[in-house]
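Below, each chain spelled out in residue letters.
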Amino acid sequence: MISYKDSGVDIDEGNALVEGLKPLVKSTFDSNVIGGIGSFAGAYALPSGYKNPVILGATDGVGTKLRLAIDAKKLQGVGIDLVAMCVNDLICNFATPMFFLDYYATGKLDKTNALEVIGGIAKGCKIAQCALIGGESAEMPGMYSKDDFDLAGFAVGIAEREEVESQKVQKGDVLIALPSSGIHSNGYSLVRKVLFDKLGMSFDEEFEGRALIDTLLEPTRIYVPLFKEIYASSLCPSLHGLAHITGGGIVENIPRIFSHNLGAKISLNAIKTPPIFDLLSRYVEKEEMYRTFNMGVGMILAVDKNKADDVLHLAKSLNAYVIGEVCEGSGVKLI
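Residues numbered from 1 in each chain as written. Predicted model: local features only at pLDDT ≥ 70, side-chain atom pairs only at ≥ 80, totals over all residues. Heavy atoms only, no water.

**Thoughts on the UniProt feature "domain: PurM-like C-terminal" (unreviewed entry) in the protein**
As recorded in UniProt, the feature "domain: PurM-like C-terminal" (unreviewed entry) lies at residues 170–334. Annotated as residues 170–334, this span is 30% helix and 24% strand, and its ends, taken at the C-alpha atoms, are 19 Å apart. (UniProt positions renumbered as here; feature names shortened; annotations may be inferred. Helix = DSSP H or I, 4+ residues; strand = E, 2+ residues; numbered from the N terminus.)

**Some thoughts on the nonpolar core**
With 100 residues, the main nonpolar core has Phe100, Leu195, Leu216, Ile276 and Leu301 as its most contacted residues. Split by domain, this core shows at least three residues from each of two domains, domain 1 (4–165) and domain 2 (173–334). Formed by eight residues, the second largest nonpolar core is a distinct cluster that contains Tyr44, Phe99, Ile133 and Val156. (Core = buried A, V, L, I, M, F, W, Y, C linked by side-chain atoms within 4.5 Å. Buried < 20%, exposed > 50% of the residue type's maximum accessible area, 1.4 Å probe, protein only. Domains from an automatic or database assignment.)

**Notes on helix α6 (residues 188–198)**
Those residues of α6 that fall on the buried side of the exposure criterion are Tyr188, Val191, Val194, Leu195 and Phe196. Take α6 and look down its axis: the buried residues cluster within an arc of 155°, on one side only. Relative to its buried face, α6 has exposed residues pointing more than 90 degrees away, namely Lys193, Asp197 and Lys198. Looking at the packing, one finds that the buried side of α6 touches α2 (65–72), α7 (212–216) and α10 (275–281). Positive backbone phi, approximately 65°, marks Gly200, located one or two places after α6. (Arc of directions from axis to C-beta. Contact = heavy atoms within 4.5 Å.)

**Remarks on the side chain of Asn186**
Note on placement: Asn186 falls in the loop between β7 (174–179) and α6. Assessed through its relative accessible area of 19%, Asn186 is described here as buried. Beyond its immediate chain neighbours, meaning those up to four positions away, Asn186 contacts Met85, Thr246, Gly247, Thr292 and Phe293.

**Notes on unusual backbone geometry**
The backbone phi angle of Lys73 is positive, close to 60°, even though this residue is not glycine. Positionally, Lys73 belongs in the loop between α2 and α3 (76–91). Judged by its relative accessible area of 68%, Lys73 falls in the exposed class. At Met295, a position not held by glycine, the phi torsion is positive, near 60°.

**Digging into the environment of Arg221**
By secondary structure assignment, the location of Arg221 is in the loop between α7 and α8 (224–231). Each C-alpha atom, one on Arg221 and one on Met201, is 26 Å from the other, the two residues being 20 residues apart in sequence. Residue contacts for Arg221: discarding those within four places in its chain leaves Ala84, Asn88, Pro179, Ser180, Ser181, His184 and Leu318.

**Here we look at the UniProt feature "domain: PurM-like N-terminal" (unreviewed entry) in the protein**
Listed under "domain: PurM-like N-terminal" (unreviewed entry) in the UniProt record, and renumbered for this structure, are residues 56–159. Between the end C-alpha atoms of residues 56–159 there is a gap of 8 Å, over a span that is 40% helix and 35% strand.

**Considering the domain arrangement of the protein**
Think of interface size as the accessible area that goes away when the parts come together; that is how it is often given. What the domain assignment lists for the protein is domain 1 (4–165) and domain 2 (173–334). With centres defined by C-alpha atoms, the gap from domain 1 to domain 2 works out at 25 Å. Across the contact, 30 residues belong to domain 1 and 32 residues belong to domain 2. At the boundary of domain 1 with domain 2, total buried surface from both sides reaches about 2600 Å², with 70% on carbon and sulfur atoms. Summed over the three residues of domain 1 that lose the most area to domain 2, namely Lys65, Leu68 and Phe94, the buried surface amounts to 25% of that side. Between domain 1 and domain 2 we count one salt bridge in total. Residue Asp214 pairs with Lys74 through a salt bridge whose shortest N-O separation is 3.5 Å. For the interface between domain 1 and domain 2, the tally reads nine residue pairs in polar contact (both at pLDDT 80 or more). Mapped by element, the contributors of at least two residues to the side of domain 1 that touches domain 2 are α2, α3, β4 (96–106) and α4 (111–128). Among the elements that make up the side of domain 1 that touches domain 2, the one with the highest residue count is α3 (ten residues). Across the side of domain 1 that touches domain 2, the residue classes tally to 16 nonpolar, six polar and eight charged. (Buried area = accessible area lost by both parts, 1.4 Å probe. Salt bridge = Lys/Arg side-chain N within 4 Å of Asp/Glu carboxyl O. Polar contact = N/O pair within 3.5 Å; in protein donor to acceptor, adjacent residues only side chain to side chain. Nonpolar A, V, L, I, M, F, W, Y, C, P; charged D, E, K, R; others polar.)

**Focus: the packing of α2 against α6**
Axes are the key here: two packed helices are described by the angle between their axes and the distance separating the axes. Close contact between α2 and α6 brings their axes to 8 Å; oriented N to C, the two are set at 55°. Comparing their axes, α6 and α2 come out oblique. Where α2 approaches α6, its residues Lys65, Arg67 and Leu68 are matched on the opposing element by Tyr188, Arg192 and Phe196. (Axes fitted to C-alpha atoms, helices over the stretch in contact; angles between N-to-C directions. Parallel < 35°, antiparallel > 145°, perpendicular 65-115°, else oblique.)

**So, the sheet that holds strand β10 (residues 239–244)**
One open sheet accounts for six strands, arranged β10-β12-β7-β13-β11-β14; its pairing is mixed. Of all the strands in the sheet, the pair left with one neighbour each is β10 and β14 (332–334). For this sheet, the mean inter-axis angle between neighbouring strands, taken without regard to orientation, is 25°. Here six bridges tie β7 to strand β12 (residues 297–303), and the two strands are oriented antiparallel to one another. (Pairing = 2+ DSSP bridges.)

Next comes the structure, spelled out in structure tokens:
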């Protein structure tokens, strides 16, 4: 007789994983989580205090950054990346993240590796102040090679309908840059092509005082705490828009928060670009760099010009700085 394990799927290893991750998941719970782990769906009570609440959802992955993490056997950071890519999108629609779910698919389930990844997801949820209320781990031999896996994340947030539907960004708004922690989670196919295929660099090669792989795997910064701080303060009406700088870079993401008659002027000299982008730019055209990478800017805030200094002060722990302004026209002009 042939068992499921003979086909490459180990149910016992999956059950052991569930037991191991229970304390990690529970550590992210807040008072709105209903029940525990092990039901068919996660339950979460709607927070009170909203006049006309709407629910928003965001989903994303980590892309080929996973390839580097798997090859380097450094897995926890990609869990933080996964959460960051979803919750940073939510706040751009003025939504406060409530809960998160993950999907982890692999060729051969290794409890130790899976716990490291999901431990990172739990850590990311704590930073984002949202609950990890469920997930799925799938062992899929024949779909993935033994050590490979893929991740998907799903974040759900809540906002006032008026905030979601309104278009507040206006001519004269100041654009404030929140620095990235590095490359974040976009453009890694190009990174790998340049650094490893063309230059033949190694993971352990020293770069700016640390191993290159550690620079490349630096987790994506989560901007939810600052958003919530601004949103809860008297500065909330002065925050007119947020743009998460992901695939497409600065030039393609800022216009997503503008009405049809608005554009942006961005000062190239103002951008504080980390050394890793300087290295890549020796082999990639400038236009391609700005369409692929965040160039050191993880999030851009559009703020009332009369309150820009106050917002900068509130965001000083992130070393925020002015990067440009909103103007009439369309698109983004790099000047």
